[in-house]
Amino acid sequence: MLTPEEIRELEADLAHYPQKQSGCVDALKIVQRRRGWISDDTLREVAVYLEMTPEELDGVATFYPVIFRRQVGRHIIRICDSVSCWIMGYEKVYSALNGTLGIRLGETTADGRFTLLPSACLGVCEHAPALMIDDDLIADWNPGNVDGILSRYP
Amino acid sequence: MERPLTSNIKPGQPAPDLAEYERSGGYEAVRKALRELTPAQLTGIVKDSNLRGRGGAGFPTGSKWSFVPMGETALRPKYLVANADEMEPGAFKDRVLLEGDPHQLIEGMILAAYAIQAEAAYIFLREEYKQAERTLRKAVAETYQAGYLGKNILGSSYRLELYVHVSAGRYICGEESGLLNALEGKRAIPRSRPPFPQTSGLWGKGTIVNNVETLCNVPHIVRNGAEWFRKLSLTGDGGTKLYGASGKVKRPGLWELPMGTPIREILEEHAGGMRDGVRFRALLPGGASTDFLTEEHLDVRMDFSSVEKAGSRLGTGTMIILDDKTCPVGMVHNLELFFARESCGWCTPCREGLPWTEKILREIEAGRGRTSDLDRLALHARLLGPGRTFCALAPGAMEPLQSALKYFREDFERHIREKRCPWS
Ligand SMILES: Cc1cc2nc3c(=O)[nH]c(=O)nc-3n(C[C@H](O)[C@H](O)[C@H](O)COP(=O)(O)O)c2cc1C
Ligand code: SF4
Ligand code: FES
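**Here we look at the pairing of strand β2 (residues 120–125) of chain B**
All names here are of chain B.
Then step 1. For β2, a buried count of six out of six residues is recorded, marking the element as mostly surrounded by other parts of the structure.
Then step 2. Judged by which residues are buried, β2 turns out to be covered on both faces: Ala120, Tyr122 and Phe124 on one side and Ala121, Ile123 and Leu125 on the other are all buried.
Then step 3. Pairing geometry for strand β1 (residues 79–84) and β2, over six bridges, is parallel. Bridged to Asn83 within β2 is Phe124.
Then step 4. Of the pairings in the sheet, the one linking β2 to strand β3 (residues 161–166) comprises six bridges and is parallel in character. Note that in β3 the partner of Phe124 across the bridge is His165.
Then step 5. Between β2 and its parallel partner β3, the chain crosses via helix α7 (residues 130–145), and the hand of that crossover is right-handed.

**Regarding the packing of helix α3 (residues 39–48) of chain B against helix α6 (residues 102–116) of chain B**
Residue and element names in this part refer to chain B.
Then step 1. The N-to-C vectors of α3 and α6 enclose an angle of 120 degrees; their axes lie 7 Å apart at closest approach. If you check the angle between α3 and α6, you find them oblique. For the crossing formed where α3 meets α6, the hand is left-handed. Here Pro39, Leu42 and Thr43 of α3 lie close against α6, whose contacting residues are Leu111, Tyr114 and Ala115.
Then step 2. When the residues that make up the contact of α3 with α6 are grouped by side-chain class, the tally is five nonpolar, one polar and no charged.

**Structural notes on the confidence of the model for chain B**
Then step 1. Averaged over every residue, the pLDDT of chain B is 97; the share at 70 or more is 100%.
Then step 2. Both scores are available for the predicted complex, with the pTM at 0.98 and the ipTM at 0.97.

**Topic: the domain arrangement of chain B**
Residues and elements named next belong to chain B.
Then step 1. Domains assigned within chain B are domain 1 (18–231), domain 2 (240–323) and domain 3 (328–418).
Then step 2. Computed from C-alpha coordinates alone, the two centres of domain 2 and domain 3 are separated by 23 Å.
Then step 3. Contacts between domain 2 and domain 3 engage 14 residues on the former and 14 residues on the latter.
Then step 4. A combined buried area of about 1,200 Å² lies between domain 2 and domain 3, and 65% of that area is made up of carbon and sulfur atoms.
Then step 5. It is Arg281, Asp291 and Phe292 that lose the most area in domain 2 upon contact with domain 3, and together they represent 45% of the buried surface on that side.
Then step 6. Along the contact surface separating domain 2 from domain 3 lie two salt bridges.
Then step 7. Put simply, domain 2 and domain 3 have four residue pairs in polar contact (both at pLDDT 80 or more) between them.
Then step 8. Those elements that provide at least two residues to the side of domain 2 that touches domain 3 are β7 (280–284) and β9 (318–323).
Then step 9. In terms of residue count, β7 provides more of the side of domain 2 that touches domain 3 than any other element does, three residues in total.
Then step 10. Classifying every residue of the side of domain 2 that touches domain 3 gives six nonpolar, four polar and four charged.

Rules used in this analysis
- Residues numbered from 1 in each chain as written.
- Chains lettered and ligands numbered in written order.
- Predicted model: local features only at pLDDT ≥ 70, side-chain atom pairs only at ≥ 80, totals over all residues.
- Heavy atoms only, no water.
- Buried < 20%, exposed > 50% of the residue type's maximum accessible area, 1.4 Å probe, protein only.
- Helix = DSSP H or I, 4+ residues; strand = E, 2+ residues; numbered from the N terminus.
- Pairing = 2+ DSSP bridges.
- Right-handed = clockwise from strand over helix to strand, strands pointing away.
- Axes fitted to C-alpha atoms, helices over the stretch in contact; angles between N-to-C directions.
- Parallel < 35°, antiparallel > 145°, perpendicular 65-115°, else oblique.
- Left-handed = near helix turned anticlockwise from the far one by under 90°.
- Contact = heavy atoms within 4.5 Å.
- Nonpolar A, V, L, I, M, F, W, Y, C, P; charged D, E, K, R; others polar.
- pLDDT = per-residue confidence, 0-100.
- Domains from an automatic or database assignment.
- Buried area = accessible area lost by both parts, 1.4 Å probe.
- Salt bridge = Lys/Arg side-chain N within 4 Å of Asp/Glu carboxyl O.
- Polar contact = N/O pair within 3.5 Å; in protein donor to acceptor, adjacent residues only side chain to side chain.

Okay, here's the thing in structure tokens:
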């Protein structure tokens with residue numbers, strides 16, 4: 001069941017569109033923010049609310065890399081692996097994180113703290129290499145300070 | 001030199017709020033348009049200015065607007081969308097405009113919406129632009145409060161609602177018809193055209209999709225006139241242009257310069273030339289989906305027609321620099337990996353051909369390539385080219401590949417001959 005709080009937030013958002021379905025990406029994000037990921041049950045609840053079939057909604061959910069249809073860690077690390085970051089040292093960023101966390105792209109640490117993912121260009125190419133941890137952008141990154149940065153995400 | 005787009009943008013400082021924006025002449029253009037100009041007159045001024053779309057294709061903005069059905073018989077509501085998806089690798093110009101001067105975009109949107117008599121407008125923002133989202137939401141709220149949005153704008157009978165829509169991280173959402181499907185809450189695959197969005201866009205109604213930088217130019221054109229705008233440019237395409245550089249230059253960044261500024265000037269005077277220890281090899285002039293240009297092209301002017309004559313595209317105007325210490329095959333592989341991942345999967349040549357291209361390049365880079373692979377790559381460049389796929393993503397993906405095969409042939413062959421990457 002969607003919680004009253006979730007429904008309140010959904011309703012405010014859906015007012016921006018002439019049809020409920022238009023708010024479906026927002027709806028998935030609103031629910032995911034509270035639940036961490038979109039399970040099959042969650043998907044069905046949101047679909048009912050939006051008057052979509054679960055298949056239709058899953059077609060949208062699976063299209064986007066930041067809608068998680070599998071369980072992920074508490075914090076999401078997305079390393080930009082597009083061209084400018086690749087030129088400026090993506091490999092070093094990846095090795096530093098891989099070395100510290102012991103996980104590869106697509107994996108989650110055993111304690112459920114971090115999930116490591118690749119990202120398309122983050123739009124800060126003049127500050128490459130770059131990555132995002134949750135909603136924070138980390139640009140002009142040099143791998144020297146991995147522990148310091150990660151310690152901000154308990 | 002006049003820099004209308006960036007004159008309010010101070011690095012490291014917060015964006016001007018509504019009061020500051022108004023002090024610099026902000027929203028004068030909206031006052032002028034709503035009081036003195038008919039929608040057709042406004043569109044006419046933008047046509048005269050020679051403003052061409054800054055989203056990559058360079059379509060003349062005024063004539064695009066003029067395709068929208070007007071008058072009593074037009075289906076309503078009509079829509080205006082600001083394309084702030086900016087996911088092309090190497091591109092970061094719209095981010096600077098969004099974070100640095102959100103009211104400039106909102107004012108441009110009100111003007112464009114008025115010109116086509118739209119009732120609603122959306123800013124379609126990529127998910128990762130968190131700071132831009134905060135800045136925009138605050139600016140939109142201020143704009144409503146001041147009466148520039150909502151019912152009876154400035155006491156006129158014109159009404160406009162404006163919303164911020166945040167996407168969820170797919171490049172194809174920036175393709176304008178994919179964007180429309182995304183906004184309607186569908187899988188963001190492109191639509192077949194015709195009908196074009198101008199006549200049948202969001203929910204089947206007349207819709208204009210314009211790039212952020214395009215819209216940001218409009219207030220200045222309305223305030224200062226079409227002739228002033230044309231004269232900002234060194235060539236026939238009106239205005240200034242945001243140019244960027246990333247890669248191993250001394251000062252990667254973004255600069256507003258007259259349209260038609262030569263590549264060499266941008267690279268040497270603004271980006272500070274190459275970093276110590278590396279030499280210039282080639283560049284992608286306008287983002288990941290443009291053809292490579294090399295040393296012989298450094299005097300080409302960065303405007304739509306000059307870059308096209310040189311065999312590439314102005315695209316987003318944000319250049320990616322390849323240096324002599326970076327492997328060109330590795331770079332092309334990186335580009336095709338992006339495109340293969342971002343293919344929406346709707347049409348077969350792109351869905352199948354891009355991953356195949358990526359795998360061939362990966363093999364060559366790893367020293368497992370064969371000479372016949374080069375023919376296979378050239379074949380892909382042809383079979384995924386213009387006119388053979390449902391949208392422009394795949395042809396765009398082929399531009400760096402086909403030009404790399406032309407300019408870096410010897411580097412490809414060396415990988416195959418020596419069975420390894422000479423750079424690693
Ligand atoms: C795959 C693909 C991605 C695109 N991404 C963007 C984008 O992020 N931003 C943008 O303004 N235009 C993008 N475009 C171009 C748009 O389809 C459209 O031409 C543009 O938004 C029109 O605006 P303009 O006339 O102001 O240039 C993309 C095109 C393709 C084929
Ligand atoms: S060219 Fe690629 S991105 Fe475009 S419609 Fe076909 S599969 Fe989708
Ligand atoms: S390539 Fe990494 S931010 Fe653009």
